[in-house]
Amino acid sequence: MAQHILALAAEEAPERLQAALQSLGEGEVRAPGPGSPCSQESGVLRRLMVYKHCVPLVESGDLHLAKVSEIIGLLMLEVELPGRALAELATLFVDVIKGGSLSNGKSLELFSTVLTALASSKECLAYGKGELNGEEFKKQLINTLCSSKWDPRSVIHLANMFRDVPLTAEELQFVVEKVLRMFSKLDLQEIPPLVYQLLLLSAKGSKKAVLEGIISFFNQLDKRQKEEQRAPSVDLEVATMPLDQLRHVEGTVILHIVSVINLDQDLGEELIRHLKTEQQKDPCTALCPFSVALLLSVAVKHRLQEQIFDFLKTSIVRSCKDLQFLQGSRFLQDLFPQKYDVTAIILEVVENSAFGWDHVTQGLVDLGFSLMESYEPKKPFGGKVAETSYGLSKTPAQQACRLGASILLETFKVHEPIRSDILEQVLNRVLTKAASPVSHFIDLLSNIVVSAPLVLQNSSSKVTETFDNLSFLPLDTVQGLLRAVQPLLKVSMSVRDALILVLHKAIFSRQLDARKAAVAGFLLLLRNFKVLGSLSSSQCSQAIGATQVSVADVHACYNSAANEAFCLEILGSLRRCLSQQADVRLMLYEGFYDVLRRNSQLASSIMQTLLSQIKQYYLPQPDLLPPLKLEGCIMAQGDQVFLQEPLAHLLSCIQHCLAWYKNTVHLHQGVEDEEEEEEEDVGFQQNFEEMLDSVTRRMIKSELEDFELDKSADFSLSSGVGVKNNIYAILVMGICEVLIEYNFNIGNFSKNKFEDVLGLFTCYNKLSEILKEKAGKNKSILGNKTARSFLSMGFVSTLLTALFRDNAQSHEESLAVLRSSTEFLRYAVSVALQKVQQLEETGQTDGPDGQNPEKMFQNLCRITRVLLWRYTSIPAVVEESGKKKGKSISLLCLEGLLRIFNTMQQLYAARIPQFLQALEEADINVTEKAAFQIRQFQRSLVNQFSSAEDDFNSKETQLLITVLSTLSKLLEPASQQVLHSLLGWGKIPEHRGEDIPCCKGLLTLLFNLHALYKSPVSLLRELAQDIHACLGDIDQDIEVESRSHFAIVNAKTAAPTICLLVLGQAEKVLEEVDWLIKKLNSLGSDTSEDSSQISNQTQALEKGVILQLGTLLTAYHELVQTALPAGSCVDMLLRSLSKTYAILTSLIKHVSVALLTVDWLGSESLFPICYSKLTVTPGSSYCQDWAAKVLRETKPIPNLIFAIEQYEKFLIHLSKKSKVNLMQYMKLSTSRDFRINASMLESVLQEHNTEDAENDSTAEQPDENQEPKKKRQRKK
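Scope of this entry: the structure provided in the associated data block.

Parameters at a glance
Residues numbered from 1 in each chain as written. Predicted model: local features only at pLDDT ≥ 70, side-chain atom pairs only at ≥ 80, totals over all residues. Heavy atoms only, no water. Helix = DSSP H or I, 4+ residues; strand = E, 2+ residues; numbered from the N terminus. Contact = heavy atoms within 4.5 Å. Areas by Shrake-Rupley, 256 points an atom, 1.4 Å probe, with all protein chains shown as cover. Phe/Tyr/Trp six-rings, centres within 6.5 Å; stacked < 30°, edge-to-face > 60°. Buried < 20%, exposed > 50% of the residue type's maximum accessible area, 1.4 Å probe, protein only. Expected span 1.5 Å × (residues − 1). Salt bridge = Lys/Arg side-chain N within 4 Å of Asp/Glu carboxyl O.

The subject of this paragraph is the overall build of the protein chain. On a plain count of helices and strands, the protein chain comes out with 56 helices and four strands. Nonlocal contacts in the protein chain, meaning residues at least 24 apart in sequence, comprise 74% of its contacts between residues at least 6 apart. When the accessible area of the protein chain is evaluated, it comes to approximately 58200 Å², of which 51% is carbon and sulfur surface.

Below, the structure is given as C-alpha cells:
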C-alpha cells in the first residue's frame, strides 16, 4: 500500500492519491514515521512527500475536522527533519499562504512547529545565491510572508499561529504591522477576534504598536462615520457599516482589551504611557472617543484608576485652558486653530455607551464625580461662597466641574440600571459636604429630577433618609434640595408625609437654621399643592419644567380635592412662626406673595393672617402720631437690642399681596361666588386700604422727633440706644418706601397722591441724610452700608419710565410734582442701580418676581431704555448738581448702564440680540446694533476729552471707557471698520493724558481690541518709541528723535503708568509665544505619516513666532535705551528681559536651519545695551543714579545675566551646527553684577581723594558700594 501511495504521489495524481489516503487506517497513516527514518535520504524524502501532500489535503475541507486534527497531531510528532527539509517544507507553507489556499487554518499548527524547529537548526541552508543558518532563514521567511498578500479569511489563523513561534523583536514588529494593515480589509465583525489574537501576541512585545494601531483604526472609523452622517455617501460600496454595528464591535474590542489587561498589567501601564506621550504630540489622536472609552473601562481596576483619572482630568483642564487662551488672542486662533475639544469627546463617549457599553458606565460615573469634587467651588476663608450657578462657566476649573455634572446627567438619562447609584451618591454628597458649597450637586440633582421625575419614586427611601438630616443642613442647601425633589412630593404620599413630619419637628427646634428650613419647606409645599379652584400657574414667580407640570396635572384630581385641608394645616403651623425671631418672620413675609400667586384659593387665609399680624402694631386713632408702634418691633436682652418684627417687610408683603389680589382674584370672581365669601374678601381688602391710607397720611405729618429720631440722636452701635435708633431709622425708611410704591400704584397719576409720594420721600430722605452724616463721623454706624431698597424691580422700571419718558398730556401736571425734586429723581435712579447690582451679584432681586428670569429681563430692557435716553439727552456737564454732594443723575445712569451691560453678558448671553432689539427698533445684526451703541458712547467720550478743564469729569470718563470695553465684547472680530474706528482714539490729539486712571483704561481697551483681530506687538513698539522720546536716552549726549504716535504718552503718564502697562502686555505676548514654542516642540516630535502637512504647519508657526519676537524685541530695544526711573519699571523690565532670553533659548533649541537668516538671533541692537545697563559707568550721571538705586536690590539682575549666558551658550552651539556666524554682534559675558572693574575702581578712588568736601556726597556713593568688596578681597 505504501508503494502504491508513493507511486501515486510520484505520478502527481491528486484525486487518486486523496482516495487512497482516505481509505487508510490509523496505523497506516502512522507507518511513514517509523518506516522512513531521517538517517536515510530516502526516508527523509518519503516523509517530506507525505508532508507536502497532507498539507493540501488537510486544507481542502473534504476531511472531517476530527480526522484533520488527528493527522496534524501525528505529523507534528514526526517533524524532526533535517534543516533543508524543514526549509523546503516551510517554503511550501509560505506558498500555500501566499496562494490563499488556506481554508480552515489547521495546517498552520504544523507550520508553527516547523518554524520553531527551523529556528533551532544550525545547518547552513541555501537561500538565493547564498547560505543562511536556520534562524536567519526563518527571519527571511517571515519577512517574505509579511510582505506578501494575505487572504483576509486566514488573518486570524495566522495571528494565532505566530503566538507559538519564537520571534525576535524585529520579526514581531513585522508581524504586528502586517496584521494591523489587514484591519481595513476585513469585515467589521471579524475585527474583535483578530484584536484578541493580536493582544495575546503582544505578550511577546510590541505592546505600544498593537495599542496604537487598534486605537488609530477605530479613531479613523469614527471620523469616517461622522463625515458620512454630515454628508451621506451616494456610492453604496464606499459606505461603511451601520452605526450600531460599529459601536457594538468597538464595545467588544474594548472588552477584549480589558480582559487581556486583567491578565497582563504591563499592557495597561503601556496604554497609559502611550496615551500620555501621544497627548503631548497631538491630543486629537490621543484622546478620541474610543481611547477615552477604553481608559474608562480599564479604570474599573483600582490599580490603574488613579493614574487614568489624573491623566483625564489633566487633559480636560489643559484643553479648557488652551481653549480659553486661544479665545483671547486672534493671533493664536489664526496660527493654531483649536481642532479638538476633550469635553465634547467625553460627552460623545456617554452617547456611544448607549450601545450596550455597560463596562464603560461605572468609569463614566466615577470620572463625573471625580471632576465635580476636584474642581468644585471653593469657600473663601471666613467668607460666604459666591453662587455662580446662574452665570457662565468662565475658569477652566468651573468648566471641568460643569463637565462632570454633564457626564453624570447624560449617563443618568442613557443607562437605567445605574440611575439609583448616581442618585444615591449625589444625595450623599449633599449631606456630607454641608460645610462646603454644594450648589453644583444641587443643580445636578434638579436636572436629574427634571429629566426623569418618576424615577425618584423607586428611590423614595433614599430621599426620605435625606429628609431626616434637613435640620442640620444650611438653609441654602435645604431650599435647593426641596426645590429639586418637589416633583416627587406630588406623586409619592409617603415621601410627602415623611417631609411634613420632619418639618413639624424642625419648626420647634432650638436651632434657628432648623426653624428657617422648616418655613422654607412649608412654603414650598404651599406653592406646589394647589387647592381646587386656584388660578392657573402661568403667573408663577419661579419657572417649572414642562415635565414637572405634567406630573402635577396627572395627579390633579385627588390633589385638588385633598389639598385644602392639607394647606390650611400648614398655614396653621406657619402662624406659630409669626411669634419667632425676625429672620423666621422675614422668610414668611417674603414667601407669602409667591404662595398667593401659585395657590390663589389660600388668599383669604393668608390675608387674614397678615391683617391680624399688622393690627398688633397699628394704632387706629386717626390723629395719633406716629401711626405704628415701633417699640413693639424690638426686643431687649440685657444691654443688647434686637429686631423682633421686620415691620417694613410685613407692610411690603401686605402691599404686594393686596395689589395682586385686586388685580387678579377680584377680576376672576364670577357670579357664582357666594355672597358670604365675597363680603369676607371685601372686608379685609377694605381694612387694608383704610389702614394703608391712614398710615400714609400720618407718616407724612410725622416729624423725626415722633419716632425719637433727629440729628441729635445717638446712632453708634456701641450702645443700646444707638442700636435701637439705627433699627428705628431702617424701619421708618422701609415703611416710607413701601408706602411710596403703594401710593404711586393706586394713584393713577393723581396729583394729590404724587404729593403724598413726595411727602413720604421727604421723610425718607431726612433719615437717609442723617445716617449718611453720622456714618461719615463714625465708621461703626449701620447707615454706612446702604440698606436694600423695598421698591420692587417692576415698580422701579415703571417709576423711571414715568419720570423720564412719559409724555402723555394728562400725566404732565401730576408728574411735574415728582420731577420738580432733583433728589427724588436721583433716588429713583440710585435704587435702579442698586437693584441691577444685586441682580448682577446674586442672579435675583428682592421683592415680587425677583427670581423670575423672564420678568427680570423685561424690566432690565425698560430700565436700560430710560437710562440710555437720560444719559444721552442730558449730559452731566449741563446738569445742575447744585450744592448737594453726591453723584449726578447722568453719572448714576452711566453706572447703571455699565452694570446692565455686564449683567446681560453674564445672565442673558443668549438673549443679547433681543436686548439690543429692545433698545433700537431697527432689524439689524448684533454687531451693528452694538456698534451703534458704541458710537453713542464714543461721542460722549470725545466730548469729555474736548471739554474745558473745569468740565472734565474723570469718573465719568473711566465709566465710559469701561462701558466701551464691555460693549466691545459683543463685536465680531471680523468687523474691521468698527475696530479701526475704536483704535483711532489713542491718536486723538485732544486726549487729556494727564489723568492716570483714564490713561490706564484707554490703553487697556486698546490692547483688548487689538487682541480681537491681530497681535498688539506693533502697538507696543510705537508706545515704546513714544516712551523713549518722552523720557530721553540713558546716554544724555544722545538726542532722541521726537516721534509721537500717541498723544496720551507724556511726561506724567510715560512712567510708571504706560511703561508698566506696555511691559504687562509684552508679558502676555511672551506667554503666547512660549505656548506656541511648546506646540512646535510637540509637532516636531510627531512622527506620523502626514509629515508634509505637519511640516507646513510647523513652518507657519515658526514664522509667526519669529515675527512676534522680532517686533517685540524692537520694543525692548527702545525701553532698554530709555532713561527709566529706578523702581517698579526697571524691576519689571529686567524680569521681562529674563523671560525673553529664556524664550529665545527655547526657540533656538527648536529653530530649523532654514530660519537661520534671521538677523536678530544675534542682534547688535539689544545685547550690548543690556550689558551697558548692567555696568556702572561713571561718565553718565543718570547711570550713576540708576545703578546706585538698582544695585541695592539686585534680585532681577543675576537672573537676567544667567538667562543671557544660557542664550549665548545655545547660540554658539547653533552657530557651529549651522556654520552661520550668529555671534557677530555678541560679546561674551564679562559684565556681571558682582564683577569689580579694578582700573575703574582705582581711578574713582583717586578722584575721590582729590575732591573737596562739597562733592563728597556725590563721590561717596560709588565708594560705599565698592569699598567693602575691596576689603573682602584683601582678606582673601
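Our next topic: the packing of aromatic side chains. Pairs of aromatic rings are described using the distance from one ring centre to the other and the angle between the two planes. Per the stated rule, a full pass over the model turns up 20 aromatic pairs. On the numbers, 5.8 Å between centres and 55° between planes, the contact of phenylalanine 325 with tryptophan 1075 is tilted. Of this pair, phenylalanine 325 sits in helix α18 (residues 302-327) while tryptophan 1075 sits in helix α49 (residues 1054-1084), and the two are 750 residues apart along the sequence. Take phenylalanine 325: its relative accessible area is 25%, and that puts it in the partly exposed class. Ring centres of phenylalanine 369 and phenylalanine 441 lie 6.5 Å apart, and the angle between their planes is 25°; on these two criteria the pair is classed as stacked. With phenylalanine 369 in helix α21 (residues 358-374) and phenylalanine 441 in helix α24 (residues 439-451), this pair connects stretches of sequence that are 72 residues apart. Here phenylalanine 369 matches phenylalanine 441 in class, with each residue buried.

With that out of the way, let us pick up helix α38 (residues 793-805). Three- or four-residue spacings in an α-helix give side chains the same orientation, since the helix completes a turn every 3.6 residues. Look at α38: 17 Å from first C-alpha to last across 13 residues, which is about the 18 Å you get at 1.5 Å a residue. Where the residues of α38 are buried, they touch α36 (720-747), α39 (812-819), α40 (822-842) and α41 (853-873).

With that settled, consider the pattern of salt bridges. Any two side chains of opposite charge can pair if their charged atoms end up close together. Evaluated as defined, the whole model comprises 21 salt bridges. The partner of arginine 429 in a salt bridge is glutamate 373, and the shortest N-O contact between them spans 2.6 Å. Of this pair, arginine 429 sits in helix α23 (residues 419-432) while glutamate 373 sits in helix α21, placing them 56 residues apart in sequence. Between glutamate 840 and arginine 899 there is a salt bridge whose closest N-O contact spans 2.7 Å. One end of the pair, glutamate 840, is in helix α40; the other, arginine 899, is in helix α42 (residues 889-907), and 59 residues separate them in sequence. The network of salt bridges with common partners includes Asp222, Arg247 and Glu250.

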